[in-house]
Amino acid sequence: MTDVTLEKNMTPPNPEKFTLGYVPVQHSVLKNAEIIPMSLRSVHFVMPGGVDDLAAPSGGNAYDRRVCLDLPGFGWQVHKHTVDGSWPRPGAEARAELARTLREFPDGTVVLLDGLVACGVPEIIVPEAERLRLAVLVHLPLGDETGLEPAVAAELDALERTVLRAVPAVIATSDWAVRRLVSHHGLAPERVHVAAPGADIAPLAAGTDGVSRLLCVAAVTPRKGQHRLVEALAAVTDLPWSCVCVGGLNQDPEYVAELRSLIAKHGLEDRLILAGPQAGAELDASYNTADLMVLTSYAETYGMAVTEALARGIPVLATDVGGLPEAVGRAPDGGVPGILVPPENPAAIAVELRGWFGEADVRRRLKAAARGRRAALNGWAGTARSLASVLGRLPNEPRRAA
């Protein structure tokens, strides 16, 4: 038998090209070898429709797509099921389609549900938890979405609590998110697990002049808070910055229109570009010209754009919310590869931008820490390994969780 060995941040072999197992390796040294059996177990992954639509990118969709590719390397064959609908508040047709999809699975089937699909419809999920082996992957608690009416947020919060209390396993994308779900929904800690997003190490970004090109990678929505970035940049127009905002423009057209008006109000049209969604080589090119990543979110369970930047040695300026500090992390020598600012404070962002432009020592320290953090980032194989471990421990006899 021949094994295929993987370095720490490499993608597991394509399951269509390999029928033999392989030995995962961490830190480029063969330790604690885990032989994956040749026969794969099956998991049915239920995701929102549009998960493969690169014109409407999201961190949750990117996560779902990637683990579908990597789970076979850890013993799980993935069967994808996408359900169109206005999740997490679907119409009758979407509800019926989800119910039909779950109903057709035999008793005892292992099912991984994206939380966007699962958490708003307990009337569908809870009964199925009595016969299927369910795990729910929560990318963002439903009530944490910015811009919801208070009554809507409270309703979604209650629906999510009912679902998460009924399933035997909940998966979150950061340690912060695990703590949040356990405390907020009163879940048993042993039923909530972390599978943090991985990062693919990329070539070091060339940047522009080492200081002036700012990059924000995030869907243009109220939760991502691009208006705070505009307000901060409007306060430092004397600095020689340019900024590109990469991200979908279709999720909240009203917010996008307001953002364009704000950009025009401050006369920043020539310096701050809403580039729309990017993927592949186009997105790589945007990262390659960046000197500093900026992210001004109101809520994040992790922050995949942060680690994508750090994987290229790009320092980060981000709001101190949710799992973002965890994504920024530290270099092995303790250096912090980013600047965290209080939320709801464009003035603080402006102050830090002045420090970035005006203090060469600050830039050198941040860039050195970003390169150190880059070398220490975990790959997607670790994410898939964590998910596989959770799926493998689901109880053999489904029952409603207390």
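Keep in mind that this is a model prediction, so the values were computed, not measured. (Residues numbered from 1 in each chain as written. Predicted model: local features only at pLDDT ≥ 70, side-chain atom pairs only at ≥ 80, totals over all residues. Heavy atoms only, no water.)

Enquirer: Quick rundown of unusual backbone geometry? Include the residues and the values.
Expert: In this structure, P88 follows W87 across a cis peptide bond, with omega equal to 10°. With respect to the secondary-structure elements, P88 resides in the loop between β4 (76-83) and α2 (92-103). The backbone of E344 shows a phi angle near 60°, a positive value even though the residue is not glycine. Considering the arrangement of structural elements, one finds E344 in the loop between β14 (338-341) and α12 (346-358). (Helix = DSSP H or I, 4+ residues; strand = E, 2+ residues; numbered from the N terminus.)

Enquirer: Talk me through the sheet that holds strand β3 (residues 41-48); I want residue IDs and the actual numbers.
Expert: Judged by pairing direction, the sheet is parallel, and its six strands sit side by side in the order β4-β3-β5-β6-β7-β8 without closing on themselves. Looking along the sheet, the strands with just one partner apiece sit at the ends: β4 and β8 (192-194). In this sheet, adjacent strand axes meet at a mean angle of 25° when their direction is disregarded. Looking at chain direction, strand β5 (residues 110-114) and strand β6 (residues 133-138) are connected through five bridges and run parallel. Bridged to D114 within β6 is L137. (Pairing = 2+ DSSP bridges. Axes fitted to C-alpha atoms, helices over the stretch in contact; angles between N-to-C directions.)

Enquirer: Describe the pattern of salt bridges, naming the residues involved and giving the relevant values.
Expert: In the structure shown here, the tally under the stated rule is 17 salt bridges. Of the charged contacts in the structure, one is a salt bridge between D144 and R180, with a shortest N-O distance of 2.5 Å. Of this pair, D144 sits in the loop between β6 and α5 (150-166) while R180 sits in helix α6 (residues 175-185), placing them 36 residues apart in sequence. Overall, the relative accessible area of 23% leaves R180 in the partly exposed class. We note a salt bridge from D157 to R161, for which the minimum N-O separation is 3.1 Å. Taken as a pair, D157 and R161 lie in helix α5 at a separation of four residues, close to a single helical turn. In the salt-bridge network here, residues are joined through shared partners; they are E145, R223, K224 and E300. (Salt bridge = Lys/Arg side-chain N within 4 Å of Asp/Glu carboxyl O. Buried < 20%, exposed > 50% of the residue type's maximum accessible area, 1.4 Å probe, protein only.)

Enquirer: I'd like to hear about the confidence of the model for the chain, residue by residue, with values.
Expert: For the chain, the average pLDDT comes to 89, and 89% of its residues sit at 70 or higher. Confidence over residues 1-37 falls short of pLDDT 50; this stretch has 72 contacts with residues more than four positions distant or in other chains. (pLDDT = per-residue confidence, 0-100. Contact = heavy atoms within 4.5 Å.)

Enquirer: Account for helix α1 (residues 59-70), naming residues and giving values.
Expert: Between its terminal C-alpha atoms α1 stretches 16 Å, which fits the 16 Å expected from 12 residues at 1.5 Å a residue. The set of residues buried in α1 consists of G60, N61, Y63, D64, R66, V67, C68 and D70. Of the surrounding elements, those touching the buried residues of α1 are β3, β4, β5, β6, α10 (304-310) and α14 (380-392). (Expected span 1.5 Å × (residues − 1).)

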